[in-house]
Amino acid sequence: YQRRVRESVFPQTELGTFMSLAKRDKERQLRELTQIVTGIRLFNKECGKGGEGIDNLPSILNEAIPSATMNIENELNSTRLHISRYTGLIERQNAENLADPDPELIRQALINCRQHEAFLKVLLTDVVVATDQINTLERDLRSVLIQLQNTIQSKTAVPTNQVYPKFISLAKIWTGFQDEMVLLSVISNIQTNLEPFTKSHRDVLPDSLLQPLLTGLILRSDEERVNETSGLDDRVEHAPQFKNLEFLFPETTRNFSNLPLQYKGFCGFCIATQDRLLVPGNPLIGILRYKDHFFCFSSKDAAVKFAADPDRFIAHIADAAKRSPELIQLLELHMQFSTITPYGKSAEPGHMIEKPLTKRDSGIQTETHPIESNIDPTYEWNEWEMRRKAIKLANLRTRMTHSVQTDNSNFRRQTSTQIYLPKDSETQTKRDQGTSVPKPSIFIAGLRGCKTTTTNAYKVDLTLDVNTHNDICD
């Protein structure tokens, strides 16, 4: 059956023409051939005349979507229950200064649950988008099938330019169904692979350990916490100390619900003062606008204290993220940690830490003529010069060389001459010159030839002066 459908679109007589095409044209024609054959088989399946082995993808997807949504929502509800438990325990430990169980362990478990909750929200959003896409594909599929039925009806022959584009559209719609099947499979695998990471805190903090600690403790979900602080009395009033700050409210702000909240909507005051406690903020209390950033808080008191010194609390939150680096991605603290990029925007999948960008001036020098020059000295561009050389060569073909010997040339012989090679000679231009000083000379007179009993000796200085000595030496 498939062979007959293929031959009706691509007969054997066209094979030679196909083989002579370029590679890109072959790929394009094969792609179109596949789509046309797929569209024909889908139409025949709809008419009940063929299409064996083709699964009913719309029906399968309509069954898989509710199942996937239910699994994600059940997992999300279970995670939120653990979040309410850990949040309540941390608040009790902070209020009563309890040290059992380990507060750091509970905080790490709370952060882990918040991460799991964020992942599940993303998966649930993907399932909702996939549901809308499937509904759109189903409408397009019904529309194209109706158009094909109206075009073909019971005709024995239909122009290809009328039906082939519709068959191609039908194949593309079916490819969209296949893509949605792959997406649901990936979402299911992700949810399954997340289970080992969320199971660790349950093993360390089992229900048998937490149940006695939760006795008498009122657990509140995130929605209940937000509802408790949604009254008009919980709003931040514009006090004089906030003259340089601005609080935004739904009545006075356009697109209030779409403001990009810092820390993913968690209360920054609780993160800084209660050691990484992740409590959702309530935008209805008032969104603080500070340095073009928007902060929401879990209570009016938290908003007032944070607004008194925002820089100090922002620095405390950065210090808390250094103790728990997983908060950098969870709270999107990429402005305070410039070497870490958002996970979805990283250059390489799986790598969040990147080297900071550096700029420098650089230059490059290229050769004037990078291609080797090929100069032909015999090249001639003038046609008339080439003709002149051709005539000259043609005339040389009719010429011959003559040689003559005379009497004088007969007696010529080789002679040789001997000469004296030049000799080496030297000359000296240096002159030695020196100076001398007079030598001291002393004579003692009266030591000889004395005729008296007493000796009268005296010294005679015979040393010449410098000028006299130099004249004698010269």
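Residues numbered from 1 in each chain as written. Predicted model: local features only at pLDDT ≥ 70, side-chain atom pairs only at ≥ 80, totals over all residues. Heavy atoms only, no water.

Novice: Before we move on, could you go through unusual backbone geometry and cite the residues and values that matter?
Specialist: The residue Y263 is not glycine, and still its phi comes out positive at about 60°. Its place among the elements puts Y263 in the loop between β1 (246–248) and α9 (268–273). The phi dihedral of E332 falls on the positive side, at around 60°, and the residue is not glycine. Here E332 shows up in the loop between α12 (326–330) and α13 (383–396). When its relative accessible area of 44% is taken as the criterion, E332 is described as partly exposed. (Helix = DSSP H or I, 4+ residues; strand = E, 2+ residues; numbered from the N terminus. Buried < 20%, exposed > 50% of the residue type's maximum accessible area, 1.4 Å probe, protein only.)

Novice: Any chance you could break down the side chain of H116 for me, citing the residues and the numbers?
Specialist: Mapped onto the elements of the fold, H116 is located in helix α5 (residues 103–152). Take H116: its relative accessible area is 5%, and that puts it in the buried class. Beyond its immediate stretch of four places on either side in the chain, H116 contacts E75, T79, L194 and T198. (Contact = heavy atoms within 4.5 Å.)

Novice: Tell me about the sheet that holds strand β2 (residues 287–290), and please be specific about residues and values.
Specialist: Across the sheet, which stays open at both edges, the three strands sit in the order β1-β2-β3 with antiparallel pairing between neighbours. Each end of this open sheet is capped by a strand with a single partner; those strands are β1 and β3 (293–295). When strand polarity is set aside, the average angle formed by the axes of neighbouring strands in this sheet is 35°. Relative to β3, β2 runs antiparallel, the two sharing three bridges. In the sheet register, Y290 faces β3, and the bridge partner there is H293. (Pairing = 2+ DSSP bridges. Axes fitted to C-alpha atoms, helices over the stretch in contact; angles between N-to-C directions.)

Novice: Which residues make up the pattern of salt bridges, and what are the values?
Specialist: Taken as a whole, this structure holds 21 salt bridges when the rule is applied. In this structure, the salt-bridge partner of R220 is E228, at a minimum N-O distance of 2.7 Å. A relative accessible area of 26% means that R220 is categorised as partly exposed. Judged by relative accessible area, E228 falls into the partly exposed class, the value being 45%. Ionic contacts of the salt-bridge type, sharing partners, join the residues R80, R114, E117, K121 and D222 into one network. (Salt bridge = Lys/Arg side-chain N within 4 Å of Asp/Glu carboxyl O.)

Novice: Residue-level account of the nonpolar core, with values.
Specialist: Counting residues in hydrophobic clusters, the biggest one holds 46 residues, and the most contacted among them are L288, F297 and L331. Secondary structure elements with two or more residues in this core: α4 (57–96), α5, α9, β2, α10 (300–308), α11 (310–323) and α12. In terms of nonpolar packing, the next biggest core, distinct from the first, is built from 32 residues, I72, I134, I152 and V163 among them. (Core = buried A, V, L, I, M, F, W, Y, C linked by side-chain atoms within 4.5 Å.)

Novice: Describe in detail α11, supporting the description with residues and values.
Specialist: Here α11 spans 20 Å end to end across 14 residues, near enough to the 20 Å set by a 1.5 Å rise per residue. Along α11, the residues that are buried comprise P310, F313, I314, I317, A318, A320 and A321. Projection of α11 onto a plane perpendicular to its axis shows the buried side chains occupying an angular sector of 160°, all on one side. Seen from the buried face of α11, the exposed residues on the opposite side, beyond 90 degrees, are K322 and R323. As for α11, its buried residues are in contact with α9, β2, β3, α10 and α12. (Expected span 1.5 Å × (residues − 1). Arc of directions from axis to C-beta.)

Novice: An account of a nonpolar patch on the surface is needed here, citing residue identities and associated values.
Specialist: On the surface, V182, V186 and I190 cluster together into a nonpolar patch covering about 230 Å² of accessible area. Structurally, I190 can be placed in helix α6 (residues 160–204). Assessed through its relative accessible area of 35%, I190 is described here as partly exposed. (Patch = residues over 30% accessible without salt bridge, like charges linked within 9 Å, V, L, I, M, F, W, Y side chains within 5 Å. Areas by Shrake-Rupley, 256 points an atom, 1.4 Å probe, with all protein chains shown as cover.)

These results come straight from atomic positions and should not be treated as a statement about function.
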